[in-house]
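Given next are the chains, with one letter for each unit.
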Amino acid sequence: MLELTVISPVLLWTAIAIYAASFVAYAFDLARRSQATADAKTVREGELVGVGARGGAPTVTATGAAADPAPQRFVMARIGTSLTILAWVFHLAAVVTRSIAAGRVPWANLYEFAMIGTLLIVLVYLVVLTRIDLRYLGTFITGLVVVLLGLAATNFYVAVTPLMDPLKSIWLIIHVFVASLATAFFALAFALSVIQLMQARRERLVREEAAKTGPGFLRTLPGSDRLESLAYRFTIIGFILWTFTLIAGSIWAQDAWGRYWGFDVKETWTFVIWVVYAGYIHARATRGWRGNPSAWLSIVGFASVMFNFTIVNVFFKGLHAYSGLS
Amino acid sequence: MSSSRSDLNDQKDPVDTDPLRPSDHIDGDDTIVQPKLGFVGWLRWGWRQLTSMRTALILLLVLAIAAIPGSIFPQRMADPNGVTQWERNNPDIFPVLDSLKMFDVYLSPWFSAIYLLLFTSLVGCVIPRIKHHLKALQARPPRTPARLKRLADFRAVERTSTDAAADAAASIDIAQKQLKALGYRVERYDAGRTFSVSAERGYWRETGNLLFHIALVGVLITVGVGGGFAYTGQRVLVEGETFANTLLDYDSMNRGRFVGDGALTPYSMRLDSFDVTYQPFGEPGSGQAGDFSANVTLKENGDTRTGSVKVNHPLEVGGDRIYLLGNGYAPTITVRNADGKVVFKNSVPFLPQDTSMTSLGVVKVTDGMPEQLGLLGFFYPTTGVLDTGAFFSAYGDLTNPTLTLDVYSGDLGINEGTPRSVYVLDTTGMTKLTGRTTDVESIKLTPGKTADLPNGLGTVTFEDESPAGATDLTHSVKRFASLQIHHDASSVWVLVFALLALGGLMLALFVPRRRVWVKATHSGDGVALEYAGLARGEDPTLGAAVDDLVAGHARLLDAAGVTAAREAEDESEPPASEPPASDTPKVD
Ligand code: HEM
């Protein structure tokens, strides 16, 4: 299957290129939104700007222009989404060919973890798009995916090799897949939390009647409350998947290493991430912690996930030495 | 709409069915209680602080931070050699960090203090909530609020009727049945011309939350208590050797506080053979070893059976699980003294140093020589020679094995009673007789060959273990398996509690808890129906649920012929409807 091992990286680079293009389209979209709201502002000079607390309808609540007749059409966002779908198809093809070439699930070393993890991030994003318009996250999602895939393809690439003994287990399929899926949900929650912080800042500036209220595209986005509740919903799904990852990993460790928990480096970080997100969930239920502080915890949580995925995999010594890099 | 902060306060429930929360919970009552003077008052105040949301949150964050040093510094429990190495590299700061327990983070007093406080807080928080929840489980749904309009999720429908008084009651009967079928607990509150049903569901949310937190305590306790009854031992077995499951026969053994000397199940195990395959030269991953299998014969209670120990597939014997931890070569070495008498003969496990199985081993000849003798050996299964003349192993399998030995004579230091590792030769107090820094070359042997020891001390032989008629050297050296025998009956319980926690978590996060009211008022030729929903905690689908309720109720009313839909020209739009849907939120 030599051909496939050549085709797979080519497909992957193609996907990266298209993701990059969709990143540009999404970036233009945000710029256009800023432009559009700036125009609208000059037209409706002096009109009261009310900040919707519930954020049920972002355009309306953010500008207070309930009578605005023309529905917003985000052409660049549409192009961005179409390109993302196209890129995802290539990405999927790259993963599938890799899997066929290896004759096993395509998530057994760092290069493959990166491929499957980003594939799931985009998948979750696209699936959610059919129900909730999150295209304002497009730049973040495609940007993250381009960076991670680029990093993986240039620095983490390894040829297909047979699995090491400890990886020959049904738990490889379950544990790693669910961990990747959890990561995808955390990634979306992270992006929402970042925008939530920006939006909260804008809302504060609007309340203080400041002259400058930050990036204009924020006006076209939901209010910070709604962003927070969306972030929360993604996080709890991610948290449940992560809890499962933790349990499945322990069962596997029991079989492979003779103990279910040993504070191996990777185990430690998985635990730290779990506790941080438990903290986030608590924070949202604690007076004085809802809003910005809990958003920061979501950001810290995802930073730990990324740290665990890159730095811990590459530089820390432990039993989970499956990056495939030497 | 997804938050219950918009609660109605104009109603007094006979029994408050809301979950009990610490006072600094986002839905808490916010009463700031000043501690009453006096010892008990302060104690109560302190306990309240400990069991508050804020304390739990901060302890969680501190726990996360406290766990991190254990991933930076090697830990004794997981990697004792790493600790020794670290000490060697950083002799100056090692004692400082060690006194801070940086190498035993998870057993340290400060780490223990954090999680014990956290769990104390947890128990203190959960107990009153359990009591409260048990009561709430028996309570009836609260009285229908006088003005449902004020709720966020409110719908109103007008229907025509020829007998409005009877139909109003009948339509609430139908709503009551409908809600009951949807899993709500229902209660009728009829008064005068208005009929209403009050319904509540989602008690599983709080049950799940409590289950989750209690199960965490369960995990902690089973881990703690279970450890006391667990034991883990290591044993290196060379092909052909037999191990008996007694304390004496282990190379090392860690046992819990409550494991007695007689706790081990009697059985014995012989290592018949050890299988391993290597990726051939020229293929991707060349030289990578895999498919390890330690094939054993077990004797237990007079029964004999065979089995194999593989990675990911431990072997179960008499309540123990046997794991494969490592493997390597055990060259058989015979040493004879000057008289030709055998003074040492054994298959000596050599510890692998790299992936090509360059291995290091030690032979200790204690008796039969003028002085004690130590042989420090290197073993290369596939020997290659560097330009410098030094040997290396090019491949893990046995193709052309070589054994090199350096000879030391003197005092092995094993008579003073200090325990010495069999894998380490302490050369202080010994004289080096061969190899670098001496003028005698190191001894080099291939299987079946014998060489003279220096100074006429005798000979040493590297035995060829190949079976009769072998044409190559692939079986010329025995292999060993390093096995771990583990006993821990509590691990199943840890798993049970972990799964309970997972189940509880899913209930707590996904079961919506909500109240719903349906009210009918008759007036002349019609019945005014009002519907309202109220979220108790996070509930993103409440609006849709109320819409479904309205639609379902209309269908049931039509089917039963109770009232009729009014022609839709007037305000069939719910008064407190959603803002017009824009491009952005397709679904809320
Ligand atoms: C080992 C420590 C703890 C962990 C890992 C933990 C984790 C969690 C998680 C994951 C949730 C979300 C699930 C749900 O809403 O039911 C939660 C909720 C909750 N926890 Fe904890 N918890 C811990 C300790 C505590 C303590 C000490 C308290 C009491 C102060 C507490 C009180 C609560 C409350 C009241 C909720 C419900 C929050 C809400 O209304 O959304 N927890 N906890």
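Since this is a predicted model, take the numbers as computed values, not measurements. (Residues numbered from 1 in each chain as written. Chains lettered and ligands numbered in written order. Predicted model: local features only at pLDDT ≥ 70, side-chain atom pairs only at ≥ 80, totals over all residues. Heavy atoms only, no water.)

### Some remarks on the environment of His487(B)
Residue and element names in this part refer to chain B. By the secondary structure assignment, His487 is in strand β24 (residues 478-487). The sequence separation of His487 and Ala165 amounts to 322 residues, and the corresponding C-alpha distance is 73 Å. Each residue touching His487, except ones within four places of it in the same chain, is listed here: Phe229, Ala230, Tyr231, Gly319 and Asp320. Here Gly319 takes part through its backbone oxygen, which lies 2.9 Å from a polar atom of the side chain of His487. (Helix = DSSP H or I, 4+ residues; strand = E, 2+ residues; numbered from the N terminus. Contact = heavy atoms within 4.5 Å. Polar contact = N/O pair within 3.5 Å; in protein donor to acceptor, adjacent residues only side chain to side chain.)

### Considering the coordination of the iron atom of the ligand
Binding of the iron atom of the ligand to the protein goes through His282(A) (NE2) and His213(B) (NE2), at separations of 2.0 Å. Its six donor atoms give the iron atom of the ligand angles of 78 to 179 degrees at the centre, a pattern that matches the octahedral case. Taken together, the positions of His282(A) in helix α8 (residues 265-284) and His213(B) in helix α8 (residues 203-228) put the pair across two chains. Neither His282(A) nor His213(B) differs from the other in exposure class; each is buried. (Donors = N, O, S within 2.8 Å, 3.2 Å for Na, K, Ca; no water. Tetrahedral: all angles 85-135°; square planar, octahedral: opposite > 155°, others 65-115°. Buried < 20%, exposed > 50% of the residue type's maximum accessible area, 1.4 Å probe, protein only.)

### Looking at the site of the ligand
Taken together, 26 residues are adjacent to the ligand, and His282(A), His25(B), Cys125(B), Asn209(B) and His213(B) come closest. The ligand sits at a junction of chains, with neighbouring residues supplied by chains A and B. Interatomic distance of 2.5 Å between a side-chain N/O atom of Asn209(B) and an oxygen atom of the ligand. A distance of 2.8 Å is found between a nitrogen atom of the ligand and a side-chain nitrogen or oxygen belonging to His213(B). For the shell around the ligand, the secondary structure elements donating two or more residues are α8 of chain A together with α2 (53-67), α6 (109-138), α8 and α9 (491-510) of chain B. (Near = heavy atom within 4 Å.)

### Side note on the sheet that holds strand β4 (residues 231-238) of chain B
One open sheet accounts for five strands, arranged β6-β4-β24-β11-β10 (chain B); its pairing is antiparallel. Either end of the sheet is taken by a strand with one partner, and the two such strands are β6 (252-255) and β10 (315-317) of chain B. Between one strand axis and the next, the sheet turns by 25 degrees as a mean value, whatever way the strands run. Both β4(B) and β6(B) contribute to a ladder of four bridges, which runs antiparallel. In the sheet register, Thr232(B) faces β6(B), and the bridge partner there is Asn254(B). Contacting β11 (320-330) and β24 of chain B, helix α7 (residues 224-257) of chain A crosses the sheet at an angle of about 50 degrees to β11(B). (Pairing = 2+ DSSP bridges. Axes fitted to C-alpha atoms, helices over the stretch in contact; angles between N-to-C directions.)

### Notes on the confidence of the model for chain A
Regions with low pLDDT carry predicted coordinates that are not meant to be interpreted in detail. All names here are of chain A. A residue-level look at chain A finds 85% of positions with pLDDT of 70 or above and a mean pLDDT of 85. α8 holds the highest mean pLDDT among the elements of chain A, 95, whereas helix α2 (residues 58-63) holds the lowest, 39. Below pLDDT 50 for its whole length, residues 45-71 participates in 45 contacts with residues either more than four positions away or in separate chains. (pLDDT = per-residue confidence, 0-100.)

### A few points about the packing of aromatic side chains
On inspection of all chains with the given rule, the structure shows 32 aromatic pairs over all chains. A ring pair is formed by Tyr232(A) and Tyr280(A), whose centres lie 6.5 Å apart and whose planes are at 35 degrees; its orientation type is tilted. A residue pair is termed long-range when its members are at least 10 positions apart, and Tyr232(A) in helix α7 and Tyr280(A) in helix α8 qualify at 48 residues. Given the relative accessible area of 7%, Tyr232(A) is considered buried. Members of the aromatic cluster, connected to one another through ring pairs, are Trp261(A), Phe263(A), Phe271(A), Tyr106(B), Phe111(B) and Tyr115(B). Taking the ring centre of Tyr203(B) as reference, the NZ or CZ of Arg513(B) above it sits at 4.8 Å. (Phe/Tyr/Trp six-rings, centres within 6.5 Å; stacked < 30°, edge-to-face > 60°. Lys NZ or Arg CZ within 6 Å of the ring centre and 35° of its normal.)

### Here we look at the sheet that holds strand β8 (residues 289-300) of chain B
Residue and element names in this part refer to chain B. One open sheet accounts for four strands, arranged β5-β7-β8-β9; its pairing is antiparallel. Edge positions in the sheet fall to β5 (242-244) and β9 (303-309), since each of these pairs with one other strand and no more. Taking the axes of each pair of neighbouring strands and ignoring which way they run, one obtains an average angle of 25 degrees across the sheet. Two elements, β8 and β9, share seven bridges in a ladder whose sense is antiparallel. Across the sheet, the residue bridging to Ala294 is Val309, located in β9.

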